[in-house]
Amino acid sequence: FDMFFDGTHDSKKKVSLGGKKQESRQDFLERTRKEREERELARRRERASYCIQGFWRSRKIVCSLRDKERTGWDEQCEIVAKEWCTSATSASKTQVSDHFSSLIRRFLFFYRERLPADRQRLARLAGWLTTGKTPVVSGP
């Protein structure tokens with residue numbers, strides 16, 4: 001216990017400056033400027049990554065919604081085609097034709113020309129609208 005206490009008490013802290021290099025004012029300003037630029041660059045990169053992640057998530061969600069709409073459109077198209085075939089009067093055909101606006105609106109949401117199945121859906125819908133004949137009931 002007594003081997004660490006020598007009886008003197010010094011309230012001043014001893015700071016060793018032996019290894020520290022003195023930097024000029026110009027060097028100090030240059031170093032702080034570079035550190036600021038690095039922090040700003042890190043902030044910009046972080047904001048850009050958030051932007052990219054948000055874009056990616058939204059595109060993924062939209063693609064999923066389009067796939068669901070395609071499935072729903074195919075189902076609705078089959079239902080409308082069956083109703084069209086079974087409707088005998090022009091009044092009931094008018095009722096069925098009211099479904100076309102819904103079909104067209106849904107189609108415009110999910111249609112992508114680069115997808116062959118969507119091009120087949122377009123041909124089916126265009127044929128139905130121009131000729132008045134029922135589309136092929138089977139899927140694309």
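Residues numbered from 1 in each chain as written. Predicted model: local features only at pLDDT ≥ 70, side-chain atom pairs only at ≥ 80, totals over all residues. Heavy atoms only, no water.

Trainee: Would you mind going over the overall build of the protein with me for this structure?
Mentor: Regarding its fold elements, the protein presents 4 helices and 0 strands. When the helices and strands of the protein are listed from N to C terminus, the series reads α-α-α-α. In the protein, which comprises 140 residues, the proportion classed as buried is 18%. Contacts in the protein between residues at least 24 apart in sequence constitute 55% of all its contacts with a sequence separation of at least 6. Summed over its atoms, the accessible surface of the protein is roughly 11,500 Å², and 58% of this surface lies on carbon and sulfur atoms. (Helix = DSSP H or I, 4+ residues; strand = E, 2+ residues; numbered from the N terminus. Buried < 20%, exposed > 50% of the residue type's maximum accessible area, 1.4 Å probe, protein only. Contact = heavy atoms within 4.5 Å. Areas by Shrake-Rupley, 256 points an atom, 1.4 Å probe, with all protein chains shown as cover.)

Trainee: Teacher, can you tell me more about a nonpolar patch on the surface here?
Mentor: On the surface, a nonpolar cluster with roughly 270 Å² of combined accessible area is contributed by Ile 61, Leu 65 and Phe 109. The topology assignment puts Phe 109 in helix α3 (residues 99-110). (Patch = residues over 30% accessible without salt bridge, like charges linked within 9 Å, V, L, I, M, F, W, Y side chains within 5 Å. Salt bridge = Lys/Arg side-chain N within 4 Å of Asp/Glu carboxyl O.)

Trainee: How should the packing of aromatic side chains be read in this particular structure?
Mentor: Think of a pair of aromatic rings as described by two things: how far the centres are apart, and how the planes are tilted against each other in angle. If you walk through the whole model with that rule in mind, you get 5 aromatic pairs. For the pair Trp 73 and Phe 107, a centre-to-centre distance of 5.7 Å together with 45° between the ring planes defines the contact as tilted. Taken together, the positions of Trp 73 in helix α1 (residues 25-86) and Phe 107 in helix α3 put the pair 34 residues apart, joining distant regions of the chain. Each ring, one from Trp 73 and one from Phe 110, has its centre 5.9 Å from the other, and the planes form 70°; the classification is edge-to-face. (Phe/Tyr/Trp six-rings, centres within 6.5 Å; stacked < 30°, edge-to-face > 60°.)

Trainee: Teacher, can you tell me more about the packing of α1 against α3 here?
Mentor: Two numbers describe a pair of packed helices, the interaxial angle and the distance between the axes. Orientation of α1 relative to α3, taken along the N-to-C sense of each, is 155°, at an axis distance of 9 Å. By the angle between their axes, α1 is roughly antiparallel relative to α3. Where α1 crosses over α3, the two elements pack in a sense that is left-handed. Residue-level contacts link Leu 65, Arg 66, Glu 69, Arg 70, Gly 72, Trp 73, Gln 76, Cys 77, Val 80, Glu 83 and Trp 84 of α1 to His 99, Phe 100, Ser 102, Leu 103, Arg 106, Phe 107, Phe 109 and Phe 110 of α3. Across the contact of α1 with α3, the residue classes tally to 10 nonpolar, 4 polar and 5 charged. (Axes fitted to C-alpha atoms, helices over the stretch in contact; angles between N-to-C directions. Parallel < 35°, antiparallel > 145°, perpendicular 65-115°, else oblique. Left-handed = near helix turned anticlockwise from the far one by under 90°. Nonpolar A, V, L, I, M, F, W, Y, C, P; charged D, E, K, R; others polar.)

Trainee: Would you take a moment to explain the pattern of salt bridges for this structure?
Mentor: Close approach of charged atoms allows side chains of opposite charge to pair. For the structure on display, the rule yields 12 salt bridges. Between Glu 35 and Arg 31 there is a salt bridge whose closest N-O contact spans 3.2 Å. Placement of the pair is Glu 35 and Arg 31 together in helix α1, with a separation of 4 residues, close to one helical turn. Given a relative accessible area of 33%, Glu 35 falls into the partly exposed group. Arg 31 gets classed as partly exposed once you look at its relative accessible area, which sits at 35%. Arg 44 serves as the salt-bridge partner of Glu 40, at 3.8 Å between the closest nitrogen and oxygen. Of this pair, Glu 40 and Arg 44 are both found in helix α1, 4 residues apart, which corresponds to roughly one turn of the helix. Residue classification places Arg 44 among the partly exposed positions, given a relative accessible area of 46%. Members of the salt-bridge network, linked through shared partners, are Asp 67, Arg 70, Asp 74, Asp 118 and Arg 121.

Trainee: How do you make sense of α3 when you look at a structure like this?
Mentor: What sets the pattern is the α-helix's 3.6 residues per turn: residues three or four places apart point alike. Taking 1.5 Å of rise per residue, the 12 residues of α3 would be expected to cover 16 Å, and the 17 Å separating its terminal C-alpha atoms lies within 8% of that figure. Every buried residue belonging to α3 is among Phe 100, Ser 102, Leu 103, Phe 107 and Phe 110, and all of these are buried. Each buried residue of α3 lies within a common arc of 160° when the element is viewed along its axis, so the set occupies one face. For α3, the exposed residues lying more than 90 degrees away from the buried face are Arg 105 and Leu 108. (Expected span 1.5 Å × (residues − 1). Arc of directions from axis to C-beta.)

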